Amino acid sequence: MCGIVGILGSGPVAGHLIDALKRLEYRGYDSAGIATLDHGQLARRRAEGKLQALATRLEKEPLAGKIGIGHTRWATHGRPTENNAHPHTTDRVAVVHNGIIENFRALREKLIKDGAKFGSETDTEVVAHLVTAEMKQGKSPADAVAATLKQLRGAFALAFLFTGEDDLMIGARKGSPLAIGYGNGEMFLGSDAIALAPFTDTISYLEDGDWVVLTRKSVAIYDEQGKSVE
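Q: Teacher, can you tell me more about helix α5 (residues 141–149) here?
A: Note: α-helices contain 3.6 residues per turn, so residues at a spacing of three or four share the same orientation. Among the nine residues of α5, seven are classified as buried, and the element is accordingly described as predominantly covered. Those residues of α5 that fall on the buried side of the exposure criterion are Pro141, Ala144, Val145, Ala146, Ala147, Thr148 and Leu149.

As structure tokens, this is what we get:
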């Protein structure tokens, strides 16, 4: 059972992402990674094995940025290698994922025919490429995610970052839990409340099929039909 954490912070988030992932170690994992936005550009660090390997890499190759996502992965599709570790990225988006995309092979084949280049064996990478394809057609990040979610079959919790969007994070759940943490000028996503406990005690869980658009000062939740949820 993988772990997700996302932080829209007021200061550097890389260290906080690692701390939050440590609180999810009980779920079990064989690789880990984080991605941040620094001056609008996506950057990531990933490592096989335990979180200490990722922490050691970050000491040598630190990541700046006040917004980021992190993940601990338990290998399902693809071996427990660095290339298969999350987050998965394109030039437009980074994504972390819990669960299984059951129709990923068909989606992957179509994406490859359309020119997408894959760097992993995972089911998750198709999500990044689907969102990217939708954005290249002119859709906003939120509209691109909404269009992508309609194409996915399976169970998932997802968190997204977008190039050039320093005040935007999107999360979605279908079958796998995902919690929203509310802070003072900060917002958080996590697989469960345990991951977010150091940052906030104000938590809500997405209902099944819901997805959320977060900024540091706003939360907008939508259902599977795209209707606003109170």
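Now that the structure is up, let's keep going.
Q: Help me understand the environment of Val212 in this model?
A: Within the secondary structure, Val212 is located in strand β12 (residues 211–215). Here Val212 falls in the buried class, since its relative accessible area comes to 0%. Along the primary structure Val212 and Leu189 are separated by 23 residues, whereas in three dimensions their C-alpha atoms are 9.8 Å apart. Aside from chain neighbours lying at most four places away, what touches Val212 is Met169, Ile170, Gly171, Ile180, Leu189, Leu206, Val219, Ala220 and Ile221.

Q: What exactly am I supposed to notice about the packing of helix α1 (residues 14–22) against helix α2 (residues 51–60) here?
A: Two quantities define a packed helix pair, namely the angle between the axes and the distance from one axis to the other. The contact between α1 and α2 brings their axes to 11 Å, and the two run at 175°. Viewed along their axes, α1 and α2 adopt a mutual orientation that is roughly antiparallel. Of the residues in α2, those touching α1 at Ile18, Leu21 and Lys22 are Leu51, Leu54 and Leu58.

Q: Teacher, can you tell me more about the packing of aromatic side chains here?
A: How two aromatic rings sit relative to each other is set out by the distance from centre to centre and by the angle between their planes. If you walk through the whole model with that rule in mind, you get three aromatic pairs. When the centroid spacing of 6.2 Å and the interplanar angle of 20° are considered together, the rings of Phe160 and Phe162 count as stacked. Residue classification places Phe160 among the buried positions, given a relative accessible area of 0%. Accessibility expressed as a relative area gives 0% for Phe162, which makes it buried. Seen from the ring of Phe118, Arg108 lies directly overhead, with NZ or CZ sitting 4.4 Å from the centre.

Q: Honestly, the nonpolar core in this entry has me stumped. Any pointers?
A: Ranked by size, the top nonpolar core spans 28 residues in total, and within it Leu152, Phe160 and Phe162 carry the most contacts. Listing elements by their share of this core, those giving two or more residues are β6 (93–101), α3 (104–113), α4 (125–136), α5, β7 (154–162), β8 (169–174) and β12. Considering each element in turn, this core owes the most residues, six residues, to α4. Excluding residues within four positions of it along the chain, Phe160 makes contact with Val93, Ala94, Val95, Val127, Val131, Val145, Leu168, Met169 and Ile170. Counting residues in each nonpolar core, the second largest holds 21 residues, with Ala47, Leu51, Leu58 and Leu63 among its members.

Q: Can you help me understand the pairing of strand β13 (residues 218–222) in this one?
A: On a regular strand, one side chain projects to one face of the sheet and the next to the other, so that they alternate. Inspection of the sheet shows β12 paired to β13 by five bridges, in the antiparallel sense. The residue of β13 that forms the bridge with Trp211 is Tyr222. Between β12 and β13, which follow one another and run antiparallel, lie two residues. Note that β13 and strand β14 (residues 228–229) share two bridges and pair antiparallel. Residue pairing across strands places Ile221 opposite Val229, the latter belonging to β14. Taken together, β13 and the strand that follows it, β14, pair antiparallel across an intervening segment of five residues, in which Gly226 is found at a positive phi of about 85°.

Q: How do you make sense of the sheet that holds β12 when you look at a structure like this?
A: In a beta sheet, neighbouring strands pair by backbone hydrogen bonds and run either parallel or antiparallel. Ordered in space as β5-β6-β7-β8-β12-β13-β14, the seven strands form an open sheet in which the pairing is antiparallel. Looking at strand neighbours, the two that pair on one side only are β5 (88–89) and β14, the edges of this open sheet. Along the sheet, α4 contacts β5, β6 and β7; its crossing angle with β6, the most-contacted strand, is approximately 130°.

Cut-offs and rules
- Residues numbered from 1 in each chain as written.
- Predicted model: local features only at pLDDT ≥ 70, side-chain atom pairs only at ≥ 80, totals over all residues.
- Heavy atoms only, no water.
- Buried < 20%, exposed > 50% of the residue type's maximum accessible area, 1.4 Å probe, protein only.
- Helix = DSSP H or I, 4+ residues; strand = E, 2+ residues; numbered from the N terminus.
- Contact = heavy atoms within 4.5 Å.
- Axes fitted to C-alpha atoms, helices over the stretch in contact; angles between N-to-C directions.
- Parallel < 35°, antiparallel > 145°, perpendicular 65-115°, else oblique.
- Phe/Tyr/Trp six-rings, centres within 6.5 Å; stacked < 30°, edge-to-face > 60°.
- Lys NZ or Arg CZ within 6 Å of the ring centre and 35° of its normal.
- Core = buried A, V, L, I, M, F, W, Y, C linked by side-chain atoms within 4.5 Å.
- Pairing = 2+ DSSP bridges.

Geometric values such as these leave the question of function open.
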